[in-house]
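Close look at the chain arrangement
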Amino acid sequence: MASAQNRAKKQGNAPVSLCFHIAILVLLHFSTRVSAQSKAVFACDVKSNPGLANYSFCDPALPAGKRVADLVKRLTLEEKIGFLGDSAGSVSRLGIPKYEWWSEALHGVSYVGPGTKFSSVVPGATSFPQVILTAASFNVTLFETIGKVVSTEARAMYNVGLAGLTFWSPNINIVRDPRWGRIQETPGEDPILTSKYASAYVRGLQQRDDGDKDRLKVASCCKHYTAYDLDNWKGVDRTRFNAVVTQQDLDDTFQPPFKSCVLDGNVASVMCSYNQVNGKPTCADPDLLSGVIRGEWKLNGYIVSDCDSVDVFYNQQHYTKTPEEAAAKAILAGLDLDCGSFLGQHTGAAVKAGLVNESAIDRAVTNNFATLMRLGFFDGDPSKQLYGKLGPSDVCTAASQELAREAARQGIVLLKNSKGSLPLSPTGIKSLAVIGPNANVTKTMIGNYEGNPCKYTTPLQGLTASAATTYAPGCANVACTAAQLDDAKKIAAAADATILIMGADLSIEAESRDRIDLTLPGQQQLLVTQVANVSKGPVILVIMSAGGMDVQFAKDDSKITSILWVGYPGEAGGAAIADVIFGYYNPSGRLPISWYPQAYTKIPMTNMNMRPDPATGYPGRTYRFYTGPTVYTFGDGLSYSTFYHRLAQAAPNQVSIPLEEGHVCHSSKCKSIDVVQQSCQNLVFDVHLRVKNIGKIRGSDTVFLSSSPPSVHNSPQKHLLGFEKVFLEPQTEGMVRFKVDVCKDLSLADEVGVRKVALGQHVIYVGSLKHSLNVRI
């Protein structure tokens, strides 16, 4: 989305799921009545204007397609053009009010975008952890449940005129490079995790409780399409960046989350990005928009530009010679809605010049209106509809705030834990030193694309609830240009245990701000090391950040007994951190991204290649391809319990793919075969894993199913096929079941993006166990 500066300019039995029963209470909490003076924006107000009942587009009993067609034919060209921008014009003669399309709900209802605001009526909304931490829970049920709570709060705010119905979330770009400033907004580096997050969160936002698949609770949007993961690095800006991407990397890394969003989540919108891909702006590329999103994936909804993207590819990328040509190219490529005013200003002239005809504009506004129809915007008074009775007391409920705390607990990752360090004993710890620039923060915990939270619990407040604390910031802020060592060392030397809460904030990593270094900022490392040296008890390093940090020094330092990564943990982050440190909650999060050493920064961010190149020494990217050293890697994470894995049903030792008579691979040695329907039917097997908690504390185990394919087509060295989270009481056992579809799960994209099944030995990893599988014809 647009930078803050642009915004200012623009706006004025089997495993038990870990989602608490609390979430169910949130979903059922539809109690509050909205007064008759509701200020919700809606069309077809027949009560105020009975004549509107004569229009077919105002008749909810008719099919949506008929209603939209009736509406579009009644509009003039000028009126249609008014519906191509995010701040859509009104048509009073047809009872259509002005509508603001731009609202955000990345991890709670946000005040970013003109469509949503807070007031004394609704002063705040539940602020869940930033996405990168929620993703670390590896809990698909949790992803969807958060989406349901957010959409309930959004509908409640819509009913009192404080929000729209179209929310441009989630951000599902793959984290290719650890320096990217927007890592916090994303589910991480893995295509499977990101795909599952995308479709689950979208379902949570969009699906209605009455099961009507043709209607929407709110409309979600998956962004930023595609190969977008550089903002501003060493003078290279996203608005001028041409991402040179191989078809193989596009198909097996960057596109899968968007495909899942559309096909599995049935998302209502996809947003194209600022950058070019292989020389074409994404918002002007008919192959990417009309060809893939609308054509191959059959998007049921609208395609929107990132804010001012059309203006960007004309004025900054100089992709077209005239603004009229830019407007025409965007519409003809398949763009339906412009976040900005460019199409509104130049489409009329483009029609007059013969660059685009009115039927193309009809197509775009039809997609936009169809989405609003599915939301009930043209069905008259919202208070008479499903969700019409939601109101202010359905926002920030006790249940939703508890879910925010639970989500943070599930995501927190324990990376190091020397014997006898964590959890701390609430009765044994008489004094606790709490040190660091993030020890008593509020807003830092919720990151960007935020709203006003219901309330904050800072780390210091959370820890103080369990032990007597003394506090020293140690640094004035996270930049830590001059560490304040004396006070910090003094309180650490006297305390039974020391908690150092370090890391980053939006001044270090944010939209339009990529990092240069992977080390702790400023003199934070000096502060950590010196405090650890004088501490008499356990020293726990807590890192609040999105991107990984090179903390090899702390990993190797025996005085630093534990390391926790807490992301940006949301409004209840301080309580969740204390819950884990004092053992009220057994940590189960796993890293959704790899943490690299500082030496990784020698690689230019502009190199989009995922795969290594031995000839140049380029090491590749993410755990799937990277060949160099890491500080911690994707999937790392410890527990206070020990979990024992035993295969109850293993994969077969061999799978044969049937080929038709005369297939070339019968007479020639093939390394792989194309994935085709007739060869792939019924090539499915089950893998069942028994998981036992042999520890003394209840907890959950995240079980990964991964594969290492044969080395053909520059295949990944390892890639995730699926994951499940199992919750177990001490000394109890559960079963995790995976179903593996050979052609879907064990296939890979070849050099030109064609799906192939590699022949030969695949190694299947399930939990801590592995199994060899030979795929043959």
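Okay, so let's go over this structure. (Residues numbered from 1 in each chain as written. Predicted model: local features only at pLDDT ≥ 70, side-chain atom pairs only at ≥ 80, totals over all residues. Heavy atoms only, no water.)

1. Points about the packing of aromatic side chains
A full pass over the atoms with the stated rule returns 28 aromatic pairs. Both rings, one in Tyr99 and one in Trp101, keep their centres 5.4 Å apart while their planes meet at 85°; by these two values the pair is edge-to-face. Of the residues examined, Tyr99 reaches a relative accessible area of 4% and is grouped as buried. Here a set of aromatic residues connected by ring pairs shows up, and it is made of Tyr55, Phe57, Phe83, Tyr99, Trp101, Tyr302, Phe369, Phe377 and Phe378. (Phe/Tyr/Trp six-rings, centres within 6.5 Å; stacked < 30°, edge-to-face > 60°. Buried < 20%, exposed > 50% of the residue type's maximum accessible area, 1.4 Å probe, protein only.)

2. Points about the side chain of Gln385
By secondary structure assignment, the location of Gln385 is in the loop between helix H14 (358-374) and helix H15 (398-411). Among the polar contacts listed, one links the side chain of Gln385 to the backbone oxygen of Gly376, at a separation of 3.2 Å. Once residues lying within four places of it in the same chain are set aside, the contact partners of Gln385 are Leu375, Gly376, Asp379 and Gly380. (Helix = DSSP H or I, 4+ residues; strand = E, 2+ residues; numbered from the N terminus. Polar contact = N/O pair within 3.5 Å; in protein donor to acceptor, adjacent residues only side chain to side chain. Contact = heavy atoms within 4.5 Å.)

3. Topic: the state of the cysteines
Under the defined criterion, the tally for this structure stands at 8 disulfides. Here Cys44 pairs with Cys58 through a disulfide, and the sulfurs are 2.0 Å apart. Measuring the twist about the S-S bond at about -80°, one finds the Cys44-Cys58 disulfide to be left-handed. In this pair, Cys44 is assigned in the loop between helix H2 (21-27) and helix H3 (64-74) and Cys58 in the loop between H2 and H3, connecting sequence segments 14 residues apart. Exposure class is identical for Cys44 and Cys58. Each is buried. One disulfide bridge connects Cys665 with Cys670, the sulfur atoms lying 2.0 Å from each other. Of note, the bridge from Cys665 to Cys670 carries an S-S torsion of about -100° and is left-handed in sense. Judged by its relative accessible area of 7%, Cys665 is buried. Looking at Cys221, it has no disulfide partner, and the nearest cysteine sulfur is the one in Cys222, 6.8 Å off. Overall, Cys221 belongs to the buried group, its relative accessible area being 0%. (Disulfide = S-S within 2.5 Å.)

4. Thoughts on the pairing of strand S13 (residues 469-472)
Two elements, strand S12 (residues 432-435) and S13, share 4 bridges in a ladder whose sense is parallel. Opposite Val434, over in S13, you have Tyr471 as the bridge partner. Considered for its hand, the β-α-β crossover made up of S12, helix H16 (residues 459-464) and S13 is right-handed. (Pairing = 2+ DSSP bridges. Right-handed = clockwise from strand over helix to strand, strands pointing away.)

5. Regarding helix H9 (residues 256-263)
Extensive coverage of H9 is indicated by the burial of 6 of its 8 residues. Every buried residue belonging to H9 is among Pro256, Pro257, Phe258, Ser260, Cys261 and Val262, and all of these are buried.

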